[in-house]
Amino acid sequence: MDNPQIADRLDAFASLLELGEANPYTTRAYRRAAETIRSAPLPVGQLVRSGRARELRGIGPGIEARLRELVETGAIAELAELERELAPDVVGLGHYLGLGAKRSVELARTLGVRTSDELREAAAAGRLRTVPGIGPKTEARLLEALGHEGEPRSRRGLLLSRAWELVGGVATALGGEAAGDVRRWRDSCERLAVVCAAPDPHFVLARFAKLPQIVAVVEEGERRAVGVTVDGVPVEVVASEPERFGTALIRATGSPEYVAELEPLPDASHEEAVYRALDLPWCPPELREQPFQGEPPALVEPKDIRGDLHCHTTWSDGRASVEDMARAAQERGYDYLAICDHTPAVGAVRGLSDDDVRRQAEEIAAANEPLAPFRVLPGIECDILADGRLDLPDDVLSELEWVQASVHGGQRMPRGELTKRVEEALRNPYVHCLSHPKGRYINRRPENALDLERVFEVALEEGVALEVNGLPDRLDLRGEHVREALRAGVQIVCSTDAHSVRGLGNMALAVATARRGWATAAHVVNTRPLRAILGGRRAAR
Ligand SMILES: [Zn+2]
Ligand SMILES: [Zn+2]
């Protein structure tokens, strides 16, 4: 059993514990352990066998015992028991149809059904209305939803990172390609699709139905199926004839508006051939949100990135030391990494005082010696106070090599006030970059009222860059705003805001978001060599 397989089983266990209304701390512990195992650099199966599993972060005696059982027997007995009791496929189907987990379990018990097929049969036989609490209206709605065909969409958008994990996992298992919203790197994904080139579609569809991520198949055609996860998220698989694979991939990648403009699509085995037949240049998926005309620009690529300019360490709320973050950045092939921990005004977590900043600079200088020519840059993520002043005095900021300015508290200020506050901060001569300018949390907190047009003007005058923050729930600036910033002549920085070594991997999300805003390497400050970064913010002009 490899790490992803072990992690999937723990995740499945966590989902079932959730359905069974177990202690939420237990559920979370299993999810965290799954995440640790997924990203562990060593084969976890071997660690477990040699009794060393607890050296991994977040693995206590309880989880260790389950891991031993899983590695030694290939299964977790309690997981199988929970599966029998809780009918996860009915629950997954229920979620997909808009029912809560408890309601679905009740439904399964009352009707004596254990699989989604049995639920469909019961529904078709008119038995839904015999369940207490299901009136004629709900029954009609469920029957309608069960009979629904067409493009499946998740009721709630999935964060891009989670969507990639799910769709990427299914694509790898089936030897296909990820398509749908993830391939266009949308910040919140509703259409999740995988396309496979399959001479024999039955083989692919049968494997799809058996994947651990998929608890129930809700639609099945000759070359297409839709399955749902235990959370009710629909995933579509298209098993295309190999000679039509390129055409199927374009259709499944979308957006529907973009594809509609290209139709009728000729059949071809790969995408480039379809475009060639249409006499069009190939279009990067990030630019397929709207109908596209003309020659696509040479978008920035992950390999163009030379360093990361925003990350945290154990000095504030990060989980790794300066040295660990630096080594991880060096291993990614970067030339530099700026350490930007928080300042005291951030509130909820520890922030660095003047004195801390100077002590951290010493630690950074020491870390730099063995790592040369790689460079760790002493930096800061400095809070912008309510009146626009910065949370550290200028003499401290002047000693740092990279200064991010950030609004954390007070995102709901009215437009005029918030814009003045940010403008004031950007006028500070030591600020290099404005962090997560719109302050949103995807699907949780809307964007703030900041007047970006005004901010672009000031940023341009002052030579300050704007961040494209790669945290999966931020992705801020988003693609449309990146495009406006670039049109205004403002430079951007693609950052991860990593709080762990693994977090540095979110650069892919930041770069893809910049690509959605038409950014080329020349627009992105951290595609430049170290000396351009050290040249201070005038270099960003
Ligand atoms: Zn921040
Ligand atoms: Zn940060």
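Data block above holds the structure.
Residues numbered from 1 in each chain as written. Chains lettered and ligands numbered in written order. Predicted model: local features only at pLDDT ≥ 70, side-chain atom pairs only at ≥ 80, totals over all residues. Heavy atoms only, no water.

Novice: Now, about the overall build of the protein: what can you tell me, with residues and values included?
Specialist: When its secondary structure is counted, the protein shows 23 helices and 14 strands. In terms of C-alpha radius of gyration, the protein reaches 25 Å, essentially the compact-globule figure of 24 Å for 541 residues. Taken along the three principal axes of its C-alpha coordinates, the protein extends 75 × 60 × 45 Å. Counting all 541 residues of the protein, 54% fall into the buried class. Within the protein, contacts between residues at least 6 apart in sequence are counted, and of these 67% link residues at least 24 apart. With the model as given, the accessible surface of the protein reaches about 23600 Å², and the carbon-plus-sulfur share is 49%. Averaged over its 69 positive side-chain charges, the protein has a centre that lies 2 Å from the centre of its 84 negative ones. (Helix = DSSP H or I, 4+ residues; strand = E, 2+ residues; numbered from the N terminus. Rg over C-alpha atoms; globule rule 2.2 N^0.38 Å. Buried < 20%, exposed > 50% of the residue type's maximum accessible area, 1.4 Å probe, protein only. Contact = heavy atoms within 4.5 Å. Areas by Shrake-Rupley, 256 points an atom, 1.4 Å probe, with all protein chains shown as cover. Lys, Arg positive; Asp, Glu negative; His and termini not counted. Charge placed at Lys NZ, Arg CZ, Asp CG, Glu CD.)

Novice: Help me get a handle on a positive patch on the surface, residues and values and all.
Specialist: On the surface, Arg28, Arg32, Arg57 and Arg319 cluster together into a positively charged patch. Topologically, arginine 28 is positioned in helix 2 (residues 24–38). (Patch = residues over 30% accessible without salt bridge, like charges linked within 9 Å, V, L, I, M, F, W, Y side chains within 5 Å. Salt bridge = Lys/Arg side-chain N within 4 Å of Asp/Glu carboxyl O.)

Novice: Outline the coordination of the zinc ion (ligand 1), supporting the account with residue identities and numerical values.
Specialist: Protein-derived ligands of the zinc ion (ligand 1) are Glu381 (OE), His408 (NE2) and His436 (NE2), with the metal-ligand distances lying across 2.1 to 2.2 Å. Expressed as a motif, the donor residue spacing for the zinc ion (ligand 1) is E-x26-H-x27-H. By relative accessible area, which is 1% here, glutamate 381 ends up buried. Taking relative accessible area as the criterion, histidine 408 reaches 17% and is therefore assigned buried. (Donors = N, O, S within 2.8 Å, 3.2 Å for Na, K, Ca; no water.)

Any functional reading would require information that these geometric values do not contain.
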